[in-house]
Amino acid sequence: VRRGGREWQAAVSGTIEIVGLRVMGVHGALPHERGAPQPFELDLSIETGFEAAAASDTLEDALDYGPVVAAVARVVAEERFTLLEALAEAVASAVLADERVRAVRVGVRKLRPPLPVDVASVGVRIERRREPVRRA
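Now for a quick tour of the structure.

Thresholds, definitions, all that
- Residues numbered from 1 in each chain as written.
- Predicted model: local features only at pLDDT ≥ 70, side-chain atom pairs only at ≥ 80, totals over all residues.
- Heavy atoms only, no water.
- Buried < 20%, exposed > 50% of the residue type's maximum accessible area, 1.4 Å probe, protein only.
- Helix = DSSP H or I, 4+ residues; strand = E, 2+ residues; numbered from the N terminus.
- Pairing = 2+ DSSP bridges.
- Expected span 1.5 Å × (residues − 1).
- Arc of directions from axis to C-beta.
- Contact = heavy atoms within 4.5 Å.
- Polar contact = N/O pair within 3.5 Å; in protein donor to acceptor, adjacent residues only side chain to side chain.
- 1 Å grid on protein atoms, 1.4 Å probe; cavity = no way out; pocket = protein on both sides within 12 Å on 5 of 7 lines; lining within 4 Å.
- Points joined across faces, edges and corners; volume = space filled by probe spheres on them.
- Nonpolar A, V, L, I, M, F, W, Y, C, P; charged D, E, K, R; others polar.

## A closer look at the pairing of strand 4 (residues 38-49)
Piece 1. In terms of residue burial, strand 4 counts as a mostly covered element, since 10 of its 12 residues are buried.
Piece 2. Where strand 3 (residues 13-25) meets strand 4, 11 bridges bridge the pair, whose relative direction is antiparallel. Within strand 4, the position partnered with E17 by the bridge is S45.
Piece 3. Bridging between strand 4 and strand 5 (residues 101-111) involves 9 bridges; their strand directions are antiparallel. Directly across from L42, in strand 5, lies its bridge partner V108.

Here's what the structure looks like:
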């Protein structure tokens, strides 16, 4: 791009938003929570480069969120965690397994938690960013 006598190239980054992904899983600290699947709801914000996809307008150059959703659903449905923090960390690791992902924000909510008062959900949010590996 040429502007004001200078040439420059913009890095095109963006965020893919996946909101309200519902998956049944067996996670919890209490014995009765570990016996039967419960509903969990997840929100993901995935930061990635959009340069190639914006230029080509093809799925081959984009981060296809279908496999991302499938990988996250597998973690929630097939693994077991005591804490939501550990579940969120495993989800973030699954998303970051794709090298095109620069950062991910994960929100995990347990719907209908076993509390003595009525609440719609309890949850955690984490953010993980890909950092360069430093070699000594």
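On we go from here.
## Focus: helix 2 (residues 65-78)
Piece 1. The terminal C-alpha atoms of helix 2 lie 20 Å apart, and with 14 residues this matches the ideal 20 Å at 1.5 Å per residue to within 8%.
Piece 2. V68, A71, V72, V75 and V76 are the residues of helix 2 that are buried. Buried residues of helix 2, viewed axially, fall in a sector of 130°; they line one side.
Piece 3. Contacts made by the buried residues of helix 2 are with strand 3, strand 4 and helix 3 (84-96).
Piece 4. By the N-cap criterion, in which a side-chain oxygen at the helix start approaches the backbone nitrogen of a residue two or three places on, helix 2 is capped by D64, the distance to G66 being 3.0 Å.

## Thoughts on the layout of surface pockets
Piece 1. The volume enclosed by the largest pocket comes to roughly 160 Å³.
Piece 2. Along its surface, the largest pocket is lined by 14 residues, and E33, K110, P113, P114 and V122 are the ones closest to its centre.
Piece 3. Looking at the lining of the largest pocket, its residues break down into 9 nonpolar, 3 polar and 2 charged.

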